[in-house]
Amino acid sequence: MKKTLILFCLLFLASTVIAQTSSSSFGVGVNAGLLYPIIQDDQGTGTIFGIKAIYSLGGVLTVEPNISFVKYGDPTSNISGVTGLYDGFEGSKVTSYGVDGILGGGGGAGIHPYFIFGVGLFNTKRDMTLQDNTDLGFSGGLGLEFGMTSALSIDARGKFYVIPIDGGGSKKSASATAGINYYFGK
């Protein structure tokens, strides 16, 4: 966990130094929304909050080191009057450290659609069962950035996550978030 945090900080610092020495732009952003488990009986719909650094490479490619905090909802049976296997469990807490590649977007006034491709480490904890796993996962999705000024924009995105787990299989979920981005020097 400490190695992951150190790696994230190094990526953030490197992107800051590069942004200040080139014609590219640098920014920060925050977002929040809902996370929907896909084919997971052991989780309910939850919330997600994230922060990110934004490093535009000057064209249509942007790199976003990010950290997100997820709290899944408690699982319940979908059948009225029937007790499910996971009823009474608590939802997991997930902290993810990742890097997203953005194709399109890039800030500035106007509407900017984009594609998202990402990789990250996902630390999943559930206190009730003493679960504490860290797995490498992948994400992808679409977004739309509404630039109100050259430096300030509203960002809406949908992402799909796949986290392979030990013993085969994977955990899948989708998120819908909205947030604010601020670009320095624009």
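On a predicted model such as this, the values are computed, not experimentally measured, just so you know.

What counts and how
Residues numbered from 1 in each chain as written. Predicted model: local features only at pLDDT ≥ 70, side-chain atom pairs only at ≥ 80, totals over all residues. Heavy atoms only, no water. Salt bridge = Lys/Arg side-chain N within 4 Å of Asp/Glu carboxyl O. Helix = DSSP H or I, 4+ residues; strand = E, 2+ residues; numbered from the N terminus. Pairing = 2+ DSSP bridges. Axes fitted to C-alpha atoms, helices over the stretch in contact; angles between N-to-C directions. Core = buried A, V, L, I, M, F, W, Y, C linked by side-chain atoms within 4.5 Å. Buried < 20%, exposed > 50% of the residue type's maximum accessible area, 1.4 Å probe, protein only. Contact = heavy atoms within 4.5 Å.

Description of the pattern of salt bridges
Right, on to step 1. Scanning the model with the defined rule gives five salt bridges in all.
Right, on to step 2. In this structure, the salt-bridge partner of Asp155 is Lys52, at a minimum N-O distance of 2.9 Å. Of this pair, Asp155 sits in strand β7 (residues 152-164) while Lys52 sits in strand β2 (residues 44-56), and the two are 103 residues apart along the sequence.
Right, on to step 3. For Asp100, the salt bridge goes to Lys159, with nearest N and O atoms at 2.8 Å.

A few points about the sheet that holds strand β3 (residues 61-73)
Right, on to step 1. On the basis of which strands lie adjacent, the closed barrel formed by eight strands has the order β1-β2-β3-β4-β5-β6-β7-β8 and antiparallel pairing. Within the sheet, the average angular offset between the axes of one strand and its neighbour, ignoring direction, is 25 degrees.

So, the environment of Gly59
Right, on to step 1. On the secondary structure map, Gly59 appears in the loop between β2 and β3.
Right, on to step 2. Sequence separation between Gly59 and Gly104 is 45 residues; the distance between their C-alpha atoms is 8.2 Å.

Details of the nonpolar core
Right, on to step 1. Judged by nonpolar contacts, Leu35, Ile48, Val70, Tyr72, Val94, Phe122, Tyr161 and Ile163 together constitute the single largest core of eight residues.
Right, on to step 2. Beyond its immediate sequence surroundings of up to four residues, Leu35 is in contact with Thr45, Gly46, Val70, Tyr72, Tyr161, Ser173, Ala174 and Ser175.

Purely spatial values, then, with no claim about function.
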